[in-house]
Amino acid sequence: MKTTRTSTLAAAFAVAAAAALSMAACKSASSTASPAPAAGPQARATIEPKSGSNVSGWATFAERSTGGVRIEVHIENAPPGIHGLHLHDKGDCSAPDASSAGGHFNPGGMPHAGPNDATRHAGDFGNITIESNGTGHLELVSDLLTVRPGPNSVVGRAVVFHEKEDDLKTQPTGNAGGRLACGVVR
Ligand SMILES: [Cu+2]
Ligand SMILES: [Zn+2]
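Residues numbered from 1 in each chain as written. Chains lettered and ligands numbered in written order. Predicted model: local features only at pLDDT ≥ 70, side-chain atom pairs only at ≥ 80, totals over all residues.

### A closer look at the overall build of the protein
Helix and strand counts for the protein stand at one helix and eight strands. Listing each helix as α and each strand as β along the protein from the N terminus yields α-β-β-β-β-β-β-β-β. Taking all 186 residues of the protein together, 34% fall into the buried category. If you take every contact in the protein between residues at least 6 apart in sequence, the share linking residues at least 24 apart comes to 59%. (Helix = DSSP H or I, 4+ residues; strand = E, 2+ residues; numbered from the N terminus. Buried ≥ 20, exposed ≤ 12 C-beta atoms within 10 Å, placed from the backbone. Contact = placed C-beta atoms within 7 Å.)

### Focus: the nonpolar core
Counting residues in hydrophobic clusters, the biggest one holds 34 residues, and the most contacted among them are Val 159 and Phe 161. Those elements that place two or more of their residues in this core are β1 (42–49), β2 (56–63), β3 (69–76), β4 (81–88), β5 (124–130), β7 (158–162) and β8 (179–184). Leaving out residues up to four positions away in the same chain, Val 159 has contacts with Ala 45, Ile 47, Ala 59, Val 73, Leu 87, Gly 183 and Val 185. (Core = buried A, V, L, I, M, F, W, Y, C linked by C-beta atoms within 7 Å.)

### Description of the sheet that holds β2
Strand order in the open sheet formed by eight strands is β5-β4-β7-β8-β1-β2-β3-β6, with antiparallel pairing between adjacent strands. The open sheet terminates on both sides in strands that have one partner only, identified here as β5 and β6 (136–142). When strand polarity is set aside, the average angle formed by the axes of neighbouring strands in this sheet is 20 degrees. Pairing geometry for β2 and β3, over eight bridges, is antiparallel. Looking across to β3, one finds that Thr 60 is bridged to Glu 72. (Pairing = 2+ DSSP bridges. Axes fitted to C-alpha atoms, helices over the stretch in contact; angles between N-to-C directions.)

### Things to note about unusual backbone geometry
The general pattern is negative phi for most residues beyond glycine and trans for most peptide bonds. With omega at -10 degrees, the peptide bond leading from Gln 171 into Pro 172 counts as cis. Among the secondary structure elements, Pro 172 is positioned in the loop between β7 and β8. Positive phi values are uncommon outside glycine, yet Leu 168 reaches one of about 65 degrees. Summarising the element assignment, Leu 168 is placed in the loop between β7 and β8. On the neighbour-count criterion, Leu 168 (19 C-beta atoms within 10 Å) is partly exposed.

### Details of the pairing of β4
With six of its eight residues buried, β4 lies for the most part within the structure. Of the pairings in the sheet, the one linking β4 to β5 comprises five bridges and is antiparallel in character. When the bridges of β5 are listed, Ile 82 appears paired with Thr 129. Examined bridge by bridge, β4 and β7 share four bridges and lie antiparallel to one another. Within the sheet, the bridge partner assigned to Leu 87 lies in β7 and is Val 159.

### Focus on the environment of His 112
Looking at the secondary structure, you find His 112 in the loop between β4 and β5. In sequence terms His 112 and Lys 169 are 57 residues apart; their C-alpha atoms lie 6.2 Å from each other. In contact with His 112, not counting residues within four places along its chain, are His 104, His 121, Asp 124, Gln 171, Pro 172, Thr 173 and Gly 174.

### Examining the environment of Pro 107
Among the secondary structure elements, Pro 107 is positioned in the loop between β4 and β5. Residue classification places Pro 107 among the partly exposed residues on the basis of 16 C-beta atoms within 10 Å. In sequence terms Pro 107 and Asn 152 are 45 residues apart; their C-alpha atoms lie 6.3 Å from each other. If we ignore the near neighbours within four places in the chain, the residues touching Pro 107 are Ala 122, Pro 151 and Asn 152.

### Regarding the pairing of β3
Taking every second residue as pointing to the same face, the buried face of β3 carries Val 69, Ile 71, Val 73 and Ile 75, while none of Arg 70, Glu 72, His 74 and Glu 76 on the other face is buried. Hairpin connection between β2 and β3: a loop of five residues separates the two successive antiparallel strands, and Gly 67 in this loop has a positive phi of roughly 100 degrees. Sheet topology places β3 next to β6; seven bridges connect them, and they run antiparallel. Note on β6: the bridge partner recorded for His 74 is His 137.

Structural data, given as structure tokens:
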């Protein structure tokens, strides 16, 4: 009886000690971490159907306090599979085939490539995978873009969703085919 009680107490103490330790860990972590960064400049695009498709969606751009832009893209009603997705030079989606958006945004005068290549168009977001239900989601961070005004700003450009997969090497388009949807970044 006495042994059982002692071990129960010991267990209770161990739990309390662990809780105190984890609280202490939390406290020291929060006191040494830098405060949450204030929200930086943000921009957004509403992606609309082009070339007779039903594809729609949105894209958001958030400038990080540590540099670079966090990009999130959501696509709906698209053909399942892999599709090229880029930021194009001109914020003009008025043409029925979105040709008005121009070529890939390329302020650095680089060759076309993939989003993980050091040398690439700033607008090279690579590909987005569309699931069998017609939706797709893409998240990436780019160190070649800003949201605030400047030569690399995303504002006044256009997000374009393509018919085919971007092969990440064919110049200057990645051979991604037609433009199924387009949205101006504002
Ligand atoms: Cu494109
Ligand atoms: Zn490109």
